[in-house]
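Observations on the model geometry
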Amino acid sequence: MPGLGLAWTGDTGVMLRWVNWLARGLGFAWVGVVTFVISPPHGAYALPVQVAGYCLAGLGVLGWILADVRPLPGRLGAAGIPLLLGLIAVGTGFASAAGSGGTFLVIFGFVATLAAGADCTLTEGLAVTAAGVLATEVSALAFGGNLTNLLGLPALVASGLLVGRNRGAYRIQAEQSAALLAQREQLQSEQRRADLLDERTRIAREIHDVLAHSLGALGIQIQAARSVLTDRADIERAGELLTAAQRMAAEGLAETRRAVHALRTDTLPLNEELARVTDTYGQRYRVAVSFGTDGEPRPLPPDATVALLRIAQEALVNAAKHAAGQQVTVRLDYGDAGVALTVSNPLVPGRETLPPLSTVNGGYGLTGMRERLRMINGTLEAGRRDGQWIVTARLPPPEPEIMSP
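Residues numbered from 1 in each chain as written. Predicted model: local features only at pLDDT ≥ 70, side-chain atom pairs only at ≥ 80, totals over all residues. Heavy atoms only, no water.

1. Topic: the packing of aromatic side chains
- Applying the stated criterion to the full structure yields three aromatic pairs.
- Note on Phe28 and Tyr54: the rings are 4.4 Å apart at their centroids and 10° apart in plane angle, and the pair reads as stacked. Of this pair, Phe28 sits in helix α1 (residues 12-38) while Tyr54 sits in helix α2 (residues 46-69), and the two are 26 residues apart along the sequence.
- Phe28 sits in the buried class, given a relative accessible area of 9%.
- Ring geometry for Tyr281 and Tyr285: centres 4.9 Å apart, planes at 45°, overall tilted. (Phe/Tyr/Trp six-rings, centres within 6.5 Å; stacked < 30°, edge-to-face > 60°. Helix = DSSP H or I, 4+ residues; strand = E, 2+ residues; numbered from the N terminus. Buried < 20%, exposed > 50% of the residue type's maximum accessible area, 1.4 Å probe, protein only.)

Set out below in structure tokens:
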């Protein structure tokens, strides 16, 4: 049969449609066996009426199958389905009221009106139902049917229209729900795309900051080394300045590579990033550094993750500069009030303070980091407490999303 092979090529819709039609075809054939073999009709005119009605309904069923396999174009296709359903309803209506096993043919009258109610307009559904009911009543009157044939069979045919209308309404509702779900998924996809573009913009700005700072600091160090060489001829001091310049250039290159890498892959969670940074700091400066996390780690927005990471890096650079050799402690607290990052180190004897926050330099500058935190409703504090120099950054918890009713 043409098109049957499509059922097994992965097209689930085609396969289910063919299974559905196979079931209906077998059901129609079984009703024919019951009508003409198991419980044949009695009376001189019952048999020809049931044969004619069965054949008429069979033509309607066959045409319905063909119309589903190869839909008719335009108005012809729109009008063809109601006509075929009406043919089934009329044929089964005449045959079912003739008595005996033919009564089972009313099942396909019910199927015809159900399909008309679900797939056709209300006017077309009413026309198909009226034709089926009228055929059933005429046949029942012609064969002297009892009350069951006069009222029960037409009521069953008419009930198919009600069931079909309900079925059609549920299907329309399901299609609308599917369309709304598709729109929601599309909106979410667009939102993810917008977030990705925002993240790439932020990373590009981060690269700009890294390059601006690294090149600026490198220029200052080179200028200072040149001044030391020309004014004092202090080769050792110039070498120290050039070494510092080389370190700044290497750090700037590493940060640039890191930012570029973020354009390709997602940033690691903040606790993992901080663990990596503190480990690198301890190895580079050969000092004891501890890192710990309190509370249950949770994902943060990219701008918050990067801001807190940069603050930790800046605080570690300041500790290496102003409290060389001192142990550094880094704590990350996840609480109900938000996220807090604390970096502390003991003050060097004889140097009880570090430069105030507005003048701290190195890295990207805590002042710049404080401004960045303000943009995301965070705060940054730095100062002396209990013989420690403590830098504390806090971010409030994210605001809950308000769902529209």
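Having put the structure on the table, let's press on.
2. Section: the sheet that holds strand β5 (residues 388-395)
- The sheet built from five strands is open, its strands ordered β1-β2-β3-β5-β4 with mixed pairing. The strands lining the two open edges of the sheet, one partner per strand, are β1 (289-294) and β4 (379-385). Averaged over all pairs of adjacent strands, the angle between strand axes in this sheet comes to 15°, irrespective of strand direction.
- Two elements, β1 and strand β2 (residues 328-335), share six bridges in a ladder whose sense is parallel. Counterpart to Gly292 in the pairing with β2 is Arg331. (Pairing = 2+ DSSP bridges. Axes fitted to C-alpha atoms, helices over the stretch in contact; angles between N-to-C directions.)

3. Some words on the side chain of Thr92
- By the secondary structure assignment, Thr92 is in helix α3 (residues 74-96).
- For Thr92, the side chain forms a polar contact with the main-chain nitrogen of Gly109, separated by 3.4 Å.
- Excluding residues within four positions of it along the chain, Thr92 makes contact with Gly53, Ala57, Leu105, Phe108 and Gly109. (Polar contact = N/O pair within 3.5 Å; in protein donor to acceptor, adjacent residues only side chain to side chain. Contact = heavy atoms within 4.5 Å.)

4. Considerations on the pairing of β5
- Of all the eight residues making up β5, six are buried; the element is thus mostly covered by neighbouring parts of the structure.
- Note: strand β3 (residues 338-346) against β5, eight bridges, orientation antiparallel. If you follow Leu341 over to β5, its bridge partner there is Ala393.
- Pairing between β4 and β5: seven bridges, direction antiparallel. Note on β5: the bridge partner recorded for Glu381 is Thr392.
- Hairpin connection of β4 to β5: two residues between the antiparallel strands, including Asp386 at a positive phi of 55°.

5. Concerning the packing of helix α4 (residues 106-119) against helix α5 (residues 122-142)
- Their axes nearest at 8 Å, the elements α4 and α5 cross at an angle of 165°. By the angle between their axes, α4 is roughly antiparallel relative to α5. Considering how the two elements wind past one another, α4 and α5 form a crossing that is left-handed. Taking contact as the criterion, the partners of Ala112, Thr113 and Ala116 in α4 are, on α5, Gly125, Val128 and Thr129. (Parallel < 35°, antiparallel > 145°, perpendicular 65-115°, else oblique. Left-handed = near helix turned anticlockwise from the far one by under 90°.)

6. A look at unusual backbone geometry
- For Arg286, which is not glycine, the phi dihedral falls at a positive 55°.
- With respect to the secondary-structure elements, Arg286 resides in the loop between α8 (270-285) and β1.
- Residue classification places Arg286 among the exposed positions, given a relative accessible area of 76%.
- Unlike most non-glycine residues, Asn377 shows phi in positive territory, near 65°.

7. Overview of the nonpolar core
- Counting 31 residues, the largest nonpolar core has Leu308, Ile311, Leu341, Leu373 and Leu380 as its most contacted members.
- Secondary structure elements with two or more residues in this core: α8, α9 (302-322), β2, β3, α10 (366-375) and β5.
- Considering each element in turn, this core owes the most residues, ten residues, to α9.
- Not counting the four nearest positions on each side in its chain, Leu308 is found in contact with Leu270, Leu300, Val339, Leu341, Leu373, Ala393 and Leu395. (Core = buried A, V, L, I, M, F, W, Y, C linked by side-chain atoms within 4.5 Å.)

8. Observations regarding α5
- With 21 residues, α5 extends 30 Å from end C-alpha to end C-alpha; this agrees with the ideal 30 Å at 1.5 Å per step.
- Of all the positions in α5, only Gly125, Val128, Thr129, Gly132, Ala135, Thr136, Ser139 and Ala140 are classed as buried. Looking straight down α5, one finds its buried side chains confined to an arc of 130°; they lie on one side. Exposed residues lying more than 90 degrees from the buried face of α5 are Thr123, Leu134, Leu141 and Ala142. (Expected span 1.5 Å × (residues − 1). Arc of directions from axis to C-beta.)

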